[in-house]
Amino acid sequence: ELKPEAVERLFQALSDAADRLEIRSLDLMVGYGASLSLEQRLEFMEGMQREQDEQREEMLSRSDQQYLDDVRERFADNLARFMGRLTPEQKALIDKRIAGYRRLDGPWLDDREQWLAQLQVIVAEDAPDWPAQVWAVPRSPVLSTAIARYSTIASMGRSPTSST
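Thresholds applied
Residues numbered from 1 in each chain as written. Predicted model: local features only at pLDDT ≥ 70, side-chain atom pairs only at ≥ 80, totals over all residues. Heavy atoms only, no water. Salt bridge = Lys/Arg side-chain N within 4 Å of Asp/Glu carboxyl O. Helix = DSSP H or I, 4+ residues; strand = E, 2+ residues; numbered from the N terminus. Buried < 20%, exposed > 50% of the residue type's maximum accessible area, 1.4 Å probe, protein only.

A. Here's a closer look at the pattern of salt bridges. The full count for this structure, using the stated rule, is 9 salt bridges. Linking R112 and E51 is a salt bridge whose minimum nitrogen-to-oxygen distance equals 3.7 Å. With R112 in helix 5 (residues 105-125) and E51 in helix 2 (residues 38-60), this residue pair connects regions lying 61 residues apart in the sequence. Residue class for R112 comes out buried when judged on its relative accessible area of 13%. What makes E51 partly exposed here is its relative accessible area of 35%. Salt-bridge contacts for R72 lead to D95; the nearest nitrogen and oxygen are separated by 2.5 Å. Residue R72 is found in helix 3 (residues 64-83), and its partner D95 is found in helix 4 (residues 88-98); the two are separated by 23 residues along the sequence.

Next comes the structure, spelled out in structure tokens:
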């Protein structure tokens, strides 16, 4: 039986794995970026901004129901990878757990936009210590606060813009 505690542990494990992947990815990008010319780094940032714009359009064009359907599908797929085929009861529990789920795609995109803007300035300035400056950005108070806010909100099943 899929119990709420197991779902919470799995959610935390997936969040931790995503954090590790983000750190490894940033390490790889910064290391590789050090071998690029300024022009190549600026082109990379332009590509990142194009991707951001495409994600914003794709994600925010979904209805609330489409968003919930996507969350349900991703959650069920992730659980099935770890647990095998889900029973109808387990699927019903997923439906129950996500029924009150609130959208986080808009705030996530907004925070990512801030992150990209900060990176763009660092890359354009081309200071000798730009890799260290890039590493400082994800640890910025704005993003750390956002991560903590999303974790708290997600655990409470509330919208980041709601006051309840």
